[in-house]
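# Commentary on secondary and tertiary structure
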Amino acid sequence: MPRLAKTPTLPPAGYLWTPEAARRMGVSVKTLWNYRHLGKGPQPKVRGRKLAYAIDEIDAWLKAQDDAEVAAKQQAARESRPPEPRTTRRPARAIA
């Protein structure tokens, strides 16, 4: 059985290991793995037996997500109908 390293290995310069990348992106590690297999999100590079995510790619992906969200809100605002005018209730008729 292999021994665990006493000190964690540092990622290459400009890269983050999977848990740190997930934290930076605001998603869980499981979501990051799903993104990898679906071809979404920043793609990792294999470094030894670990996956390393480029910080520049993470930041670019986050910016693209923000831009897409703003564009979707603007599109929804353009397509929405104006509100219907309010109608007042008619007074109840008196029974004669």
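Residues numbered from 1 in each chain as written. Predicted model: local features only at pLDDT ≥ 70, side-chain atom pairs only at ≥ 80, totals over all residues. Heavy atoms only, no water.

## Comments concerning the overall build of the protein
Helix and strand counts for the protein stand at three helices and three strands. What you see in the protein, going N to C, is helices and strands ordered as β-α-α-β-β-α. Here the C-alpha radius of gyration of the protein, 26 Å, is well above what a compact globule of 96 residues would show, namely 12 Å. Viewed in the frame of its principal axes, the protein has a C-alpha envelope of about 95 × 30 × 20 Å. Here the protein holds 96 residues, and the buried ones make up 18% of them. (Helix = DSSP H or I, 4+ residues; strand = E, 2+ residues; numbered from the N terminus. Rg over C-alpha atoms; globule rule 2.2 N^0.38 Å. Buried < 20%, exposed > 50% of the residue type's maximum accessible area, 1.4 Å probe, protein only.)

## Some points on the packing of aromatic side chains
Counted under the stated rule, the structure contains one aromatic pair. Taking the centre distance of 5.6 Å and the plane angle of 55 degrees together, the rings of Tyr35 and Trp61 count as tilted. Residue Tyr35 is found in helix α2 (residues 29-38), and its partner Trp61 is found in helix α3 (residues 55-79); the two are separated by 26 residues along the sequence. An identical accessibility class is assigned to Tyr35 and Trp61; each is buried. The residue whose ring lies beneath Arg47 is Tyr15, and the NZ or CZ to ring-centre distance is 5.2 Å. (Phe/Tyr/Trp six-rings, centres within 6.5 Å; stacked < 30°, edge-to-face > 60°. Lys NZ or Arg CZ within 6 Å of the ring centre and 35° of its normal.)

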